[in-house]
Amino acid sequence: MAEEIYRCESCNGIMEYDINSKQMKCPNCGNCVPIINDTASIVEHKLTMDAKRSIKPSEKTSCTMECSGCGATIEIGKDDTTSECPYCGSTYVLAQKQLDAIVPDGIVPFNIDKIRAKEIFHDWVKKRWLAPGKLKNLYQEDKIQGLYLPYWTFDADSDADYTAMGGKHRTEQYKDKEGNVHTKTVTDWYHTHGHVHEQFDDLLVKAVQNENTQFLESIEPYDTGRLVSFSPEYLSGYFSQCFNVDLESAHNTARAEMADQLRSRASSQVLQRYDTVKDIRIRPVYRNESYKHILVPVYSTSYHYEGKLYQVAINGQTGEIHGAYPKSPVKIALLVLAGLAILGAILYGCYKDDSSYSGKTDIGFSYEYCYIDSMYEQNDIPQTVDDHLDFHEQEQI
């Protein structure tokens, strides 16, 4: 079985996608052919279920394969096979029926070649101080696979009214029943409200979900400003994974992320007037919502150490890396002992200081009042008081 092949017009060699030139390049004679970037085809689709575009089997120039090791579905050339899964390293890949999919609206091409990706991985391994020493000699045998990962992007104009409690700190002194003076921190809470606005552009939501892709969120984000129109030439020499998170589920995830960002903006707004904030409640409204389906570049590798599988992913655009690695029990024990030694030295120093000091030590307390925000109400009347202290044992100064 042979994959989609692009022949060089000069020497009839097999052309491949070249990361440096962003073109198809013949490794034999160096002939380059530009890949057309039709920016007009990168369209923001109105967010309705009817707007999802389906693809006919005859239009699909790739084949969906399912790994029997981890269950990941991978897109490869329609006549291609692979002997190794980019996620778990399984040597078994079974052809499944061709699945309907949607044509990607755009693609973020690889910006880092495989040589540089290996260097990033090797440097990362060397800096794992807690890893066993012999692990640093095993990484040279590992293979790094390049694949394109599907994402949904979402746009929206959003507004939200909010209510919250804003707190202002102050200190007070009081005497206990023995006449000793103490200092306490008092927080006065006020009801407040306001309005925030946010325009979301290309909020990314991963379009695949399985046990092997969760850690890929750690190598985000991707610069969608460098998005180009989709062309199958970009997939030459790489895998691509088909989506298994539908648009509705991805939209729910995007809405939750948007709400978190609106809540954070409301918190920042309250903290411009108060020392602390709590109980933020928002009522968001979303307008002009749209979506795209895109592919982003990832390098993935996995290795076995003492019978356990470890996975590492590298952002193919920025070089950000994240992964798992084994920890050496000996090094962890040494680190714990060093921490205990430092803690012991600190406690011993504090004991010596305390033994040479006689007298009373002030103890700080926390105390809270609740008020209506004076920005919106004229009367600042306490509503609730936290009983952190026994009022029978203190006297206000």
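The coordinates are above.
Small disclaimer: the values here were computed from a predicted structure and weren't measured. (Residues numbered from 1 in each chain as written. Predicted model: local features only at pLDDT ≥ 70, side-chain atom pairs only at ≥ 80, totals over all residues. Heavy atoms only, no water.)

A. A look at the overall build of the protein chain. For the protein chain, the count of helices and strands is 3 helices and 16 strands. Counting only residues that meet the buried cut, the protein chain has 43% of its 397 residues in that class. For the protein chain, the proportion of contacts with a sequence separation of at least 24, taken over those separated by at least 6, is 74%. Per element, the accessible surface of the protein chain, about 22,100 Å² overall, is 49% carbon and sulfur. (Helix = DSSP H or I, 4+ residues; strand = E, 2+ residues; numbered from the N terminus. Buried < 20%, exposed > 50% of the residue type's maximum accessible area, 1.4 Å probe, protein only. Contact = heavy atoms within 4.5 Å. Areas by Shrake-Rupley, 256 points an atom, 1.4 Å probe, with all protein chains shown as cover.)

B. Inspection of the pairing of strand β12 (residues 276-305) at higher detail. Strand direction decides the pairing type here: strand β4 (residues 45-46) and β12, joined by 2 bridges, are antiparallel. Note that in β12 the partner of K46 across the bridge is S290. Both strand β8 (residues 106-107) and β12 contribute to a ladder of 2 bridges, which runs parallel. Looking across to β12, one finds that G106 is bridged to I294. (Pairing = 2+ DSSP bridges.)

C. Summary view of a nonpolar patch on the surface. On the surface, a nonpolar cluster with roughly 490 Å² of combined accessible area is contributed by V336, L337, L340, L343 and L347. Tracing the backbone shows L340 in helix α3 (residues 329-355). Residue classification places L340 among the exposed residues on the basis of a relative accessible area of 53%. (Patch = residues over 30% accessible without salt bridge, like charges linked within 9 Å, V, L, I, M, F, W, Y side chains within 5 Å. Salt bridge = Lys/Arg side-chain N within 4 Å of Asp/Glu carboxyl O.)

D. The pattern of salt bridges, seen in detail. Taken as a whole and judged by the stated rule, the model has 12 salt bridges. R170 is the salt-bridge partner of E172, the closest N and O atoms lying 2.2 Å from each other. What makes E172 buried here is its relative accessible area of 14%. A salt bridge links D202 to K292; the nearest nitrogen and oxygen atoms lie 2.5 Å apart. Of this pair, D202 sits in strand β10 (residues 181-206) while K292 sits in strand β12, and the two are 90 residues apart along the sequence. Given a relative accessible area of 14%, D202 falls into the buried group.

E. Representation of the sheet that holds strand β2 (residues 23-25) within the structure. Reading across from one edge, β1-β2-β3 is the order of the 3 strands in this open sheet, with antiparallel pairing throughout. Each edge of the open sheet carries a strand with a single partner, namely β1 (16-18) and β3 (32-34). Neighbouring strand axes in the sheet, compared pairwise and without regard to direction, differ in orientation by 40 degrees on average. Summarising the sheet, β1 and β2 pair through 3 bridges and their orientation is antiparallel. (Axes fitted to C-alpha atoms, helices over the stretch in contact; angles between N-to-C directions.)

F. Fine view of the packing of aromatic side chains. Tallied over the entire structure, the rule returns 10 aromatic pairs. Look at Y17 and Y234: their rings are 5.2 Å apart centre to centre, the planes differ by 65 degrees, and that puts the pair in the edge-to-face class. Taken together, the positions of Y17 in strand β1 and Y234 in the loop between β10 and β11 (239-241) put the pair 217 residues apart, joining distant regions of the chain. A residue is classified by how much of its surface remains accessible, and Y17, at 7% relative accessible area, is buried. Ring plane angle 70 degrees and centroid distance 5.5 Å describe the contact between W152 and F243, whose orientation is recorded as edge-to-face. Taken as a pair, W152 in strand β9 (residues 145-176) and F243 in the loop between β11 and α2 (247-270) lie far apart in primary sequence, 91 residues in all. (Phe/Tyr/Trp six-rings, centres within 6.5 Å; stacked < 30°, edge-to-face > 60°.)

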